[in-house]
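Topology and contacts: notes
So you can see what is in the structure, the chains are spelled out below.
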Amino acid sequence: MDPDFLRSLMALHRELRGLYAAIARHFGLTAQQVELLCLLKDRAPSSGELAALLGCDKTNITGMVDRLERRGLLARVTDRNDRRISRLSLTDEGMALGGKLREAFNAQVAERWGSLPPEDAAALVRLAQENS
């Protein structure tokens, strides 16, 4: 693998983590809580499914969910098909905050990469979609 490509991916990853961290600080959250709230926009995963999406251990999810639930941002809802499973969904307050988080992220990305030529942006989209 091309070392420049690897270095570039690592730099992009650090940059995105930095954006999440700055936004999180602004809203009094952790970067992982921001990512969690954004992921719940259009899905209601179980804790295990959310752990897989975030690439972390299920025990980490439990603590994050507990804290966000206490803040009134998300709720555990019993799965209609399997009462043993709880699904996570945003409350109205969580949905509103998620919208603000996405707006802040979009603004930061536009500021940082808004001048990226459309063909380069399209190449990144293709790369991301092929590997997700």
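In this text, all values refer to a predicted model and were calculated from it rather than measured experimentally.

With a probe scaled to a water molecule rolled over the atoms, the places where space remains empty come into view. Reported here for the largest pocket is a volume of approximately 1100 Å³. Ranked by residues supplied to the lining of the largest pocket, first place goes to helix α1 (residues 3-27) with nine residues. Residue composition of the lining of the largest pocket, grouped by class: 15 nonpolar, five polar and four charged. Its volume calculated, the second largest pocket comes out at about 210 Å³. For the second largest pocket, the full set of lining residues is Tyr20, Glu35, Cys38, Leu39, Lys41, Asp42, Arg43, Arg102, Phe105 and Asn106. Those elements giving two or more residues to the lining of the second largest pocket turn out to be α2 (31-39) and α5 (92-113). Residue composition of the lining of the second largest pocket, by class: four nonpolar, one polar and five charged.

Rules used in this analysis
- Residues numbered from 1 in each chain as written.
- Predicted model: local features only at pLDDT ≥ 70, side-chain atom pairs only at ≥ 80, totals over all residues.
- Heavy atoms only, no water.
- 1 Å grid on protein atoms, 1.4 Å probe; cavity = no way out; pocket = protein on both sides within 12 Å on 5 of 7 lines; lining within 4 Å.
- Points joined across faces, edges and corners; volume = space filled by probe spheres on them.
- Helix = DSSP H or I, 4+ residues; strand = E, 2+ residues; numbered from the N terminus.
- Nonpolar A, V, L, I, M, F, W, Y, C, P; charged D, E, K, R; others polar.

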